Amino acid sequence: VQLVESGGGLVQPGGSLTLSCAASGFTFSTYSMMWYRQAPGKEHESVAGISSSGGSTNYADSVKGRFSISRDNAKNTVYLQMNSLKLEDTAMYFCVAGTNYWGQGTQVTVSS
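This is a predicted model, so every value here is computed, not measured.

Asker: Just checking my understanding: could you explain the sheet that holds strand β3 (residues 17–24) for this structure?
Answerer: Within a sheet, neighbouring strands are paired by backbone hydrogen bonds and run either parallel or antiparallel to one another. The strand order across the open sheet built from four strands is β1-β3-β8-β7, with neighbouring strands paired in antiparallel fashion. Each edge of the sheet is formed by a strand with only one pairing partner; in this case those strands are β1 (2–6) and β7 (67–72). Between one strand and the next, the sheet's axes are offset by a mean angle of 15°, whatever the strand orientation. One ladder, built from five bridges, connects β1 with β3; its direction is antiparallel. Note on β3: the bridge partner recorded for Gln2 is Ser24.

Asker: Just to check I follow, could you spell out the state of the cysteines for this structure?
Answerer: Linking two cysteines covalently through their sulfur atoms gives a disulfide. Under the definition given, this model contains one disulfide. Between the sulfur of Cys21 and that of Cys95 lies a disulfide, 1.9 Å long from S to S. Taken together, the positions of Cys21 in strand β3 and Cys95 in strand β9 (residues 91–97) put the pair 74 residues apart, joining distant regions of the chain. On the accessibility criterion, Cys21 (0% relative accessible area) is buried.

Asker: Explain the environment of Gly14 to me, please; I cannot follow it from the model alone.
Answerer: Its location among the elements puts Gly14 in the loop between β2 (9–11) and β3. Taking the C-alpha atoms as reference, Gly14 lies 4.8 Å from Leu85; in sequence the two are 71 residues apart. Ignoring sequence-local partners within four residues, the contact set of Gly14 consists of Ser84 and Leu85.

Asker: Hey, could you run me through the side chain of Arg71 in this one?
Answerer: By secondary structure assignment, the location of Arg71 is in strand β7. Despite being buried, Arg71 has no salt bridge partner; Asp72 is the closest side chain of opposite charge, sitting 8.2 Å away. Of note is the side chain of Arg71, whose polar atom sits 3.4 Å from the backbone oxygen of Ser52.

Asker: Would you mind going over the side chain of Glu5 with me for this structure?
Answerer: Inspection of the secondary structure assignment puts Glu5 in strand β1. In this structure the side chain of Glu5 is engaged in a polar contact, spanning 3.1 Å, whose partner is the backbone nitrogen of Gln104. Here Gly105 takes part through its backbone nitrogen, which lies 2.9 Å from a polar atom of the side chain of Glu5. Aside from chain neighbours lying at most four places away, what touches Glu5 is Ser20, Cys21, Trp35, Tyr93, Phe94, Cys95, Gly103, Gln104, Gly105 and Thr106.

Asker: What should I look at first to understand unusual backbone geometry in this one?
Answerer: With glycine set apart, most residues show a phi of negative sign, and most peptide bonds adopt trans. Here the phi dihedral of Asn76 falls at roughly 50°; this positive angle occurs in a residue that is not glycine. Here Asn76 shows up in the loop between β7 and β8 (77–82).

The rules we used
- Residues numbered from 1 in each chain as written.
- Predicted model: local features only at pLDDT ≥ 70, side-chain atom pairs only at ≥ 80, totals over all residues.
- Heavy atoms only, no water.
- Pairing = 2+ DSSP bridges.
- Helix = DSSP H or I, 4+ residues; strand = E, 2+ residues; numbered from the N terminus.
- Axes fitted to C-alpha atoms, helices over the stretch in contact; angles between N-to-C directions.
- Disulfide = S-S within 2.5 Å.
- Buried < 20%, exposed > 50% of the residue type's maximum accessible area, 1.4 Å probe, protein only.
- Contact = heavy atoms within 4.5 Å.
- Lys, Arg positive; Asp, Glu negative; His and termini not counted.
- Salt bridge = Lys/Arg side-chain N within 4 Å of Asp/Glu carboxyl O.
- Polar contact = N/O pair within 3.5 Å; in protein donor to acceptor, adjacent residues only side chain to side chain.

Right, here's the structure in full:
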């Protein structure tokens, strides 16, 4: 199983980023997918989730209306579109397949 996140970087407050997570080694279309994040000194936080078909999504209150999760089962990829980024969104972002498989993460830094 391999999950490879990309798309992180440095962005100013109010800016946007799109994270991608390319999956391999398992039947992607049968797994729900999640994005988690971990800020320095803090616990992992669930950010967004999407069902295996993509028909159902959920978001942490802190990102509702700003972040959007989507997936392309033909490309074995899940995305996290992040808009109106805030300083407090700074964290390492991880994609997670089901409850067991984690990627290595991609760093998002929001700073002026």
